[in-house]
Structures are given as C-alpha cells and as structure tokens.
Amino acid sequence: MPPPEVLLLGPGPSPTSVLVRAAQAWPLLGHLDAAFLPILERVQQRLRDLLGTTNAFTLPLAGTGTSGMEAVVGNLVEAGDRVVVGVHGVFGQRFAEAARRRGGDVIEVLTEFGAVPDPAAIVQAVAAGPTRLCCVVHAETSTGVLLDLEPVAAGARAAGALFAVDAVTSLGGLPWHADALGVDAVFSGTQKCLSAPPGLSPLTLSPAALRRVAERRTLPPFAVDASLLTGYFGADRAYHHTAPVSLIYALSAALDEVFAEGMLAREQRHRAVAASLRRGLDVLGLMPLVAVADATPMLTSVCYPEGIEDRAFRAHLRKVHAVEIGGGLGSLAGRVFRLGLMGHGARPENVLRALAAIGDALSAQGRTADIGGALAAAREG
Ligand code: PLP
C-alpha cells in the first residue's frame, strides 16, 4: 500500500517533482556501468556549477547531510587540531560535536538561538590561536537565521585556517560561489532546496583541503576517506562503495530543473513566497522569530502565541490538512514551528494552503483567525 500524499512544508524533506520521481524509477544499472557513468559525470559537473567551484573533488556522497558533515570533519580534523565552530543553532552544535569526536580541540562561538551571529566574533576566535579549521552553518534550519559568509571566509583565510560550510539548506535556494568566497569544504543535502529524495550529500573539497588530507598523520575514516572517494568519483571510477544509483538519477533530474530555472530566478521565487507567507502570518497574528533581513528565505520559524500547544497544532495540520511542518529544536522546542518553502515546494499555492491550515489549527485551539484576510494579504504584492 503506498503511503498517503502529504504536502511537505517542514524543514525537509521537501516535495519532489513528477520528473524527479520518474527519474528515480529509471532502470537500475550497475554503478560502474558504461551507461551510468556519463550520468554521474554530469551530476558532478552540475554540482560544481551550482556550488560555484572548479574543485575536481565534487561529488554526491552516499548518505544524508549528516554524512557530508562527517566527511568534512573526518578528513580535515585530527586529534589536537584547533577547530573554531560558529554555533547559532542545533546544526552548529552538531558540527562542533562531530569535530570533537574526531579529537578536535573545539572552540564554540555561541549565539543565542534565533539571534544573528556576529561574524567578527568568529573571526576573532579563529585568529586567537593556530586554527586548523573554521566551521559554520550557512542557513541554520533550526532557527531560520542566515549567516553572512563573506567576512568569516575572509577572516579564516587571513588566519591561514581552512573554512568549511554546512550548506544543507541553502544550496539550490540561494546562489553559491564557493571559489569566489574562498571556501575549502562545502556539504549539502538533496532533500531541501534541491528537491530530490534524502540520501545524498553534495560535497566539495578545495585543493588546499585535499593537501591537508594528504598531510594527515592518521588515516581518515574509511567510508569518507577523500583519497578513496577520489578513486570512484575521479578518472579511475574504481570501486569504493556501491553508489546509490537511483538517488543519483533523481538528483540528476532535480539538477536539470534547477538549471532550467536558473539560480537567480530560483532565489527570487524563494524570496517571493517567503514574503507572501510573512504577509499572511501577520494577518493571523503570528510573528516570525527572525527579521526578514537576517532570515533564511527557504525556512521561516514562527513564534507560537501564548497558550498554543505545539504538538496538537502540528498534529492538526498533518491529520486534517495533510500538511507537514516542523517543530522547534533545542531551546526553541515548543516555542516555534518551522515552515519550509523549499525547492519544488516554494510555490504560491502552497503558501495559501499552509495559511489556511494554520488559521484552522489556531481556531481549533480557540483563537479567532481571519483566514480570508490572510489569504488576501498573501496574494498581494
Ligand atoms: N545541517 C543542516 C543545516 C540541516 O538542516 C540538516 C538537516 O536538517 C543537517 C545538517 C543534517 O542533514 P540530514 O538530516 O540530511 O542528515
């Protein structure tokens, strides 16, 4: 029995298009098959173009965004390395924890969840000692805050540290220029603004990052060892692990859609639906956690009014309206809900459906909600 159709407006996965779903059902080939390798090669080149890099080491790593994070710290952190992590949400906390588990001497530069990090504070921490790696999260999905990468990249470069960015939620929603920024390691996920199924982590490492891997005293973990991955994702196409062929088909179709639309239009679409959502939320009396200038356009965290119960609210959306949204994480649990308008899901009709469902869920908890007014406001502009 197939599962029900649910509109995925949470923090991921996002909805997939018919073409992406159809591509996932293409005939399975061996991951070393001569008919599959050109598809893989094209995906790798598309990822380079999307990330704004010429890095030869650019590939769809098997596993979700978490695997990409493990690959970055697994290759670039050794015991005793000084690692500075900008932490402004749960995913920054995870980045720090992942680096600690590789033996890194981790310095966390903390920002209250929902507040905007000060890039200068991160740069100062990097410059305060011989730092191997500086890590940040671009679009913090746990809060909806977007970090300005440019000053952190410049500071890390000036201090001689490698710079690594979690672009799980930003890639495919906002333009990326890894080489121009001077980023040494970027990882993402397929299930957010790329709108492919979860299970792959686009990953790129700069030549400087690969030099660092070559100079390690100890070997990286086998599954994510950059040298071994190069064996399959480079010219040799040698076996390292069995690549998830069907997911790569789906990613290939998703990337075709991204390039057919163009990143500027895609960014504009994400910003337009986020603005429309905010206009509607305002009429419903709901406040976003983050001001629009600092917010991720693809994910909006919304504060619950006093007395609204998180679990019942989200259950109402899922059960009555077949709409999935996310709850708060960490210190924001129970205080906010998170609404993602990502990739294929970032459409005006989804904003209207979300607002109607949210208004109804507020009514179910005894609030008056001007749903008609919210829909009208969302349509303006
Ligand atoms: N980093 C960020 C910013 C995320 O939003 C997520 C997932 O939501 C992750 C990392 C982890 O990715 P995954 O859940 O695909 O392993």
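Every value quoted in this text rests on a predicted model; they were computed, and no experiment measured them.

About the cut-offs
Residues numbered from 1 in each chain as written. Predicted model: local features only at pLDDT ≥ 70, side-chain atom pairs only at ≥ 80, totals over all residues. Near = placed C-beta within 6 Å. Nonpolar A, V, L, I, M, F, W, Y, C, P; charged D, E, K, R; others polar. Domains from an automatic or database assignment. Contact = placed C-beta atoms within 7 Å. Helix = DSSP H or I, 4+ residues; strand = E, 2+ residues; numbered from the N terminus. Pairing = 2+ DSSP bridges. Axes fitted to C-alpha atoms, helices over the stretch in contact; angles between N-to-C directions. Parallel < 35°, antiparallel > 145°, perpendicular 65-115°, else oblique. Left-handed = near helix turned anticlockwise from the far one by under 90°. Core = buried A, V, L, I, M, F, W, Y, C linked by C-beta atoms within 7 Å. Buried ≥ 20, exposed ≤ 12 C-beta atoms within 10 Å, placed from the backbone.

Observations regarding the site of the ligand
Next, step 1: Around the ligand lies a shell of 13 residues, among which Thr64, Gly65, Thr66, Thr141 and Val168 are the nearest.
Next, step 2: For the shell around the ligand, the class distribution of residues is five nonpolar, seven polar and one charged.

With respect to the domain arrangement of the protein
Next, step 1: The assigned domain composition of the protein is domain 1 (18-260) and domain 2 (262-379).
Next, step 2: Listed by partner, the interface residues are 21 residues for domain 1 and 23 residues for domain 2.
Next, step 3: In the side of domain 1 that touches domain 2, the residues fall into eleven nonpolar, nine polar and one charged.

Focus on the environment of Val145
Next, step 1: The residue Val145 is located in strand 7 (residues 145-146) in this model.
Next, step 2: Spatially, the C-alpha atom of Val145 lies 9.4 Å from that of Ala293, the residues being 148 residues apart in sequence.
Next, step 3: Beyond its immediate chain neighbours, meaning those up to four positions away, Val145 contacts His88, Gly89, Gly114, Val116, Glu140, Val290, Asp294, Ala295 and Thr296.

Let's talk about the environment of Asp148
Next, step 1: Within the secondary structure, Asp148 is located in the loop between strand 7 and helix 6 (149-159).
Next, step 2: Taking the C-alpha atoms as reference, Asp148 lies 10.0 Å from Val137; in sequence the two are eleven residues apart.

Let's talk about the sheet that holds strand 12 (residues 299-303)
Next, step 1: A sheet is described by the order of its strands in space; here four strands give the open sequence 11-12-15-14, paired in antiparallel fashion. Pairing within the sheet leaves two strands with one partner each, and these edge strands are strand 11 (287-288) and strand 14 (326-327).
Next, step 2: Where strand 11 lies against strand 12, two bridges are found, and the strand directions are antiparallel. Among the inter-strand pairings, Pro288 is bridged to a residue of strand 12, identified as Val302.

Description of the sheet that holds strand 8 (residues 162-166)
Next, step 1: With respect to topology, seven strands assemble into an open sheet ordered 2-10-9-8-5-3-4, the strand pairing being mixed. In the strand order of this sheet, the two ends are held by strand 2 (58-62) and strand 4 (105-110), each with one partner. Between one strand axis and the next, the sheet turns by 20° as a mean value, whatever way the strands run.
Next, step 2: Relative to strand 4, strand 3 (residues 82-87) runs parallel, the two being bridged by six bridges. Across the sheet, residue Val85 finds its bridge partner in strand 4, namely Glu108.

What to know about the packing of helix 11 (residues 263-283) against helix 14 (residues 371-379)
Next, step 1: At a minimum axis separation of 7 Å, helix 11 and helix 14 run at an interaxial angle of 155°. As the angle between them shows, helix 11 and helix 14 are arranged roughly antiparallel. The chirality of how helix 11 crosses helix 14 is right-handed. Across from Ser276, Leu277, Arg279, Gly280, Asp282 and Val283 in helix 11, the residues of helix 14 making contact are Gly373, Ala374, Leu375, Ala377 and Ala378.
Next, step 2: Residue composition of the contact of helix 11 with helix 14, by class: six nonpolar, three polar and two charged.

Re the packing of helix 11 against helix 13 (residues 348-364)
Next, step 1: Between helix 11 and helix 13, the least distance of the axes is 9 Å, while the angle of their chain directions is 25°. In terms of axis orientation, helix 11 runs roughly parallel to helix 13. Once helix 11 is placed against helix 13, the crossing between them reads as right-handed. On helix 13, the residues touching Val273, Ser276, Leu277 and Gly280 of helix 11 are Pro348, Val351, Ala354 and Leu355.
Next, step 2: Broken down by class, the residue content of the contact of helix 11 with helix 13 amounts to six nonpolar, two polar and no charged.

Quick word on the nonpolar core
Next, step 1: Counting 117 residues, the largest nonpolar core has Ala99, Cys134, Ala185 and Leu341 as its most contacted members.
Next, step 2: It is helix 10 (residues 245-261) that contributes the most residues to this core, eight residues altogether.
Next, step 3: Counting the residues that make up this core, at least three belong to each of domain 1 (18-260) and domain 2 (262-379).

Here's the deal with the pairing of strand 15 (residues 336-340)
Next, step 1: Counting buried residues in strand 15 gives five out of five residues, a clear majority hidden from the surface.
Next, step 2: The two faces of strand 15 match: Val336, Arg338 and Gly340 on one face and Phe337 and Leu339 on the other face are all buried.
Next, step 3: Alignment of strand 14 against strand 15, held across two bridges, turns out to be antiparallel. Note that in strand 15 the partner of Gly327 across the bridge is Phe337.

Observations concerning the pairing of strand 2
In the case of a regular strand, side chains alternate between the two sheet surfaces.
Next, step 1: Most of strand 2 is tucked away, with four of its five residues classed as buried.
Next, step 2: For strand 2 and strand 10 (residues 200-205), the ladder comprises five bridges, and the chain directions are antiparallel. Pairing of Leu59 across the sheet is with Leu203, part of strand 10.

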